[in-house]
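Each chain, written out:
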Amino acid sequence: MPLIIMTGFPSAGKSTAAKKIQQYFTEHGKEAEILSEENLMSGDKNSVFASSTIEKEVRGRLKSEVIRLLDKEKTIICDGANYIKGFRYELYCASKASKTTQITVFCDLSVPDVQDINSKRDDNQKYTSEILTALCQRYEAPISSNRWDSPLFLILKDGEFDGAGMIKCLYERAPPPPNQSTQTQPLSNTDFLYQLDKQTQ
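Residues numbered from 1 in each chain as written. Predicted model: local features only at pLDDT ≥ 70, side-chain atom pairs only at ≥ 80, totals over all residues. Heavy atoms only, no water.

Undergrad: Whenever I open this one, the pattern of salt bridges confuses me. Can you help?
TA: Pairs may arise between side chains of opposite charge once their charged atoms sit close together. Enumeration over the complete set of coordinates arrives at 10 salt bridges. The salt bridge involving Arg138 is made with Glu55; its shortest N-O contact spans 3.1 Å. Of the two residues, Arg138 sits in helix 6 (residues 129-138) while Glu55 sits in helix 3 (residues 52-69), which places them 83 residues apart along the sequence. Here Lys157 ties to Asp113 by a salt bridge, and the two come within 3.2 Å at their closest N and O atoms. Placement of the pair is Lys157 in the loop between strand 5 (152-155) and helix 7 (163-171) and Asp113 in helix 5 (residues 111-119), with a sequence separation of 44 residues. Residue Lys157 is classed as exposed on the basis of its relative accessible area of 63%. Through salt bridges with shared partners, a single ionic network connects Glu31, Glu33 and Lys74. (Salt bridge = Lys/Arg side-chain N within 4 Å of Asp/Glu carboxyl O. Helix = DSSP H or I, 4+ residues; strand = E, 2+ residues; numbered from the N terminus. Buried < 20%, exposed > 50% of the residue type's maximum accessible area, 1.4 Å probe, protein only.)

What follows is the structure, given as structure tokens:
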């Protein structure tokens, strides 16, 4: 069913926003499930993001879980960094192949803002300054003109979001048609036997 892709700098409030969106959807009769990238990590998040190999494995698990859950009758909120545009494109292709709708929610805070938020967190929840800086530098912000980032919703520092607009885009808009290459094609025309019989008379 519908997919919401959360994205933004580390400590930009993505998980908090995901919970608020889930609550809003529930209050408006739409079941929503949060799929957390952090819950799929086998170790400390700083260790994960310090290793490109481990980080790639976590992204792979996240994508697999998204694909598995897309068939269920609920909105899936993909709560993770999702900072690579190529990965967001892969999720877009997955939702497209599942013939469902998708939106991107960008928690758009500045680097100084996320640095300040991160500094006030408990030690076991903090990013190291090195990891935080590296992730911010590598971040590829969503662009509304990209079909895989659209429709794009912004959540700023005040945390306000357009819940009604999200529901409208997910439940009142037709999903993009899947690529022909992902569709099962018939082995032959449905009247193949008739045509064969006709030609052999």
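Undergrad: Would you mind going over the pairing of strand 1 (residues 3-8) with me for this structure?
TA: In the case of a regular strand, side chains alternate between the two sheet surfaces. Within strand 1, 6 of the 6 residues are buried, which leaves the element mostly enclosed by the surrounding structure. Judged by which residues are buried, strand 1 turns out to be covered on both faces: Leu3, Ile5 and Thr7 on one side and Ile4, Met6 and Gly8 on the other are all buried. In the sheet, strand 1 pairs with strand 3 (residues 75-79) via 3 bridges, with the strands oriented parallel. Looking at strand 3, one finds that Ile5 is bridged to Cys78. Strand direction decides the pairing type here: strand 1 and strand 4 (residues 102-107), joined by 6 bridges, are parallel. Counted as the bridge partner of Thr7 is Phe106 from strand 4. (Pairing = 2+ DSSP bridges.)

Undergrad: Quick question: what am I supposed to make of the packing of helix 3 against helix 4 (residues 85-97) here?
TA: The angle between the axes and the distance between the axes are what describe a pair of packed helices. Here helix 3 crosses helix 4 at 20°, and the two axes come no closer than 10 Å. Comparing their axes, helix 4 and helix 3 come out roughly parallel. Here helix 3 and helix 4 pass one another in a crossing that is right-handed. Two secondary-structure elements touch here, helix 3 through Arg59, Leu62, Lys63, Val66 and Ile67 and helix 4 through Phe87, Glu90, Leu91 and Ala94. Its residues assigned to classes, the contact of helix 3 with helix 4 shows 6 nonpolar, no polar and 3 charged. (Axes fitted to C-alpha atoms, helices over the stretch in contact; angles between N-to-C directions. Parallel < 35°, antiparallel > 145°, perpendicular 65-115°, else oblique. Left-handed = near helix turned anticlockwise from the far one by under 90°. Contact = heavy atoms within 4.5 Å. Nonpolar A, V, L, I, M, F, W, Y, C, P; charged D, E, K, R; others polar.)

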